[in-house]
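Chain by chain, the residues:
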Amino acid sequence: GSEFEREIRTLATYQLLGGYEDGTFRPERAVARAEFVKMILDATHLTPGCETVNWMKENATTRDSFGWPTSYQPSLNDMDTHWLTTQGWTEAALYSGLVVPSDYNNGNFQPQKPIARYEIALMVTRALGQVYEAKAAEDLNIDLPFTDSDTTLSWMKGYIRVASEAGVVKGYPDGSFQPNEASTRAEAVVMVQRMLDE
C-alpha cells in the first residue's frame, strides 16, 4: 500500500465517528456507548438493513425453558426513542451479538454513558469472534500483564487479554490498564482502526 494508506484509513474511521453539528470532531471528549457501538458496527459493515444483519435476525434462536429452540428477540428497555434504535443500529448490535442485554442492569443500556475501556475490550473481542478464547482465558484465571490486574474483575480479564493480545487495546505508560476509565473519541478511533488491521 501507499505510504498514506494508514492516514487515509484513519480518516475513514474518523468519518465513521462523525463530527458534531458545529463541524468539530472533539477528539478529547469521552465516547458514549451508543457512539462506539455505531462505530464498530459501521467498521465491520454490520449496517442497518444489510444482508448479514437481516440473515442474523431471521435465524436468531435461543432455547426456551424446556430446551427447545425458539426465536430470539433481544431488546433493551431504554432505547426505543434513541437515535441508535430509530436508525436501525440497535437491532444490528443486538442480533450480531455485539450487545448482549443481560450485560446491562435490567436491560438498561444507558446509551449516553461514556464507554469504559473494559466494554471496548468486550465489544472488540465479540467483533473479532473470539469470545470462546476470552472465556477460556477467564477459566484459567490468567493474570493480565498490567499493574492493576488484581483489581480487575475476573470476567473482564479474558476479554481484556484477547483484545490486548490482538493489539487493539493497550495499557497506559504507567503499566496499568484502568478498565473502568472512559475512552476519548480519538482513542476509540485508534482502537477500531487496530481492530480492522487484525
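Attention here is on the structure that accompanies the text. (Residues numbered from 1 in each chain as written. Predicted model: local features only at pLDDT ≥ 70, side-chain atom pairs only at ≥ 80, totals over all residues. Heavy atoms only, no water.)

Space inside the largest pocket adds up to approximately 330 Å³. Around the largest pocket, the lining is made up of 18 residues, and of these Tyr20, Ala32, Glu35, Trp83 and Arg185 lie nearest the centre. Only helix 1 (5–17) and helix 2 (33–43) provide two or more residues apiece to the lining of the largest pocket. A per-element tally of the lining of the largest pocket places helix 2 first, with 4 residues. Residue classes in the lining of the largest pocket are distributed as 10 nonpolar, 3 polar and 5 charged. Of the volumes computed, that of the second largest pocket is approximately 220 Å³. Around the second largest pocket sit 13 residues that line it, and Arg33, Asp103, Tyr104, Tyr118 and Glu119 are the ones nearest its centre. Examining the composition of the lining of the second largest pocket, we find that 3 residues originate from one element, helix 6 (residues 117–127), more than from any other. Classifying every residue of the lining of the second largest pocket gives 6 nonpolar, 3 polar and 4 charged. (1 Å grid on protein atoms, 1.4 Å probe; cavity = no way out; pocket = protein on both sides within 12 Å on 5 of 7 lines; lining within 4 Å. Points joined across faces, edges and corners; volume = space filled by probe spheres on them. Helix = DSSP H or I, 4+ residues; strand = E, 2+ residues; numbered from the N terminus. Nonpolar A, V, L, I, M, F, W, Y, C, P; charged D, E, K, R; others polar.)

Further remarks concern the pattern of salt bridges. Counting across every chain of the model gives 6 salt bridges. The salt bridge partner of glutamate 119 is arginine 33, with a shortest N-O separation of 2.6 Å. With glutamate 119 in helix 6 and arginine 33 in helix 2, the pair connects residues that are 86 residues apart, well separated along the chain. The same class applies to glutamate 119 as to arginine 33, namely buried. (Salt bridge = Lys/Arg side-chain N within 4 Å of Asp/Glu carboxyl O. Buried < 20%, exposed > 50% of the residue type's maximum accessible area, 1.4 Å probe, protein only.)

Let us look at the environment of glutamine 73. Position of glutamine 73 among the secondary structure elements: in the loop between strand 2 (69–71) and helix 4 (83–86). The class for glutamine 73 is exposed, based on a relative accessible area of 63%. Sequence separation of glutamine 73 and asparagine 106 is 33 residues, and the distance between their C-alpha atoms is 16 Å.

This part covers helix 1. Spanning 13 residues, helix 1 covers 19 Å between terminal C-alpha atoms, matching the ideal 18 Å at 1.5 Å per step. Listed as buried for helix 1 are Thr10, Thr13, Leu16 and Leu17. Looking down the long axis of helix 1, one finds its buried residues gathered within 100° of arc, a one-sided arrangement. Residues of helix 1 that are exposed and point more than 90 degrees away from the buried face comprise Ile8, Leu11 and Gln15. A positive phi of about 75° marks glycine 18, the residue just after helix 1. (Expected span 1.5 Å × (residues − 1). Arc of directions from axis to C-beta.)

The subject of this paragraph is the nonpolar core. Counting residues in each nonpolar core, the largest one holds 46 residues, and the members touching the most others are Phe36, Val37, Leu41, Val99, Phe109, Met123 and Ile160. Those elements that provide at least two residues to this core are helix 1, helix 2, helix 5 (89–95), helix 6, helix 8 (154–165) and helix 9 (185–197). Looking at which element gives the most residues to this core, the answer is helix 2, with 7 residues. Leave out the neighbours within four places in its chain, and phenylalanine 36 touches Val31, Ile115, Ile120, Met123, Ala188 and Val192. (Core = buried A, V, L, I, M, F, W, Y, C linked by side-chain atoms within 4.5 Å. Contact = heavy atoms within 4.5 Å.)

Here we take up the packing of aromatic side chains. A full pass over the atoms with the stated rule returns 4 aromatic pairs. Look at tyrosine 72 and tyrosine 95: their rings are 6.5 Å apart centre to centre, the planes differ by 80°, and that puts the pair in the edge-to-face class. One end of the pair, tyrosine 72, is in the loop between strand 2 and helix 4; the other, tyrosine 95, is in helix 5, with 23 residues separating them in the sequence. When the ring centre of phenylalanine 177 is taken as reference, the NZ or CZ atom of arginine 117 above it lies at 4.3 Å. (Phe/Tyr/Trp six-rings, centres within 6.5 Å; stacked < 30°, edge-to-face > 60°. Lys NZ or Arg CZ within 6 Å of the ring centre and 35° of its normal.)

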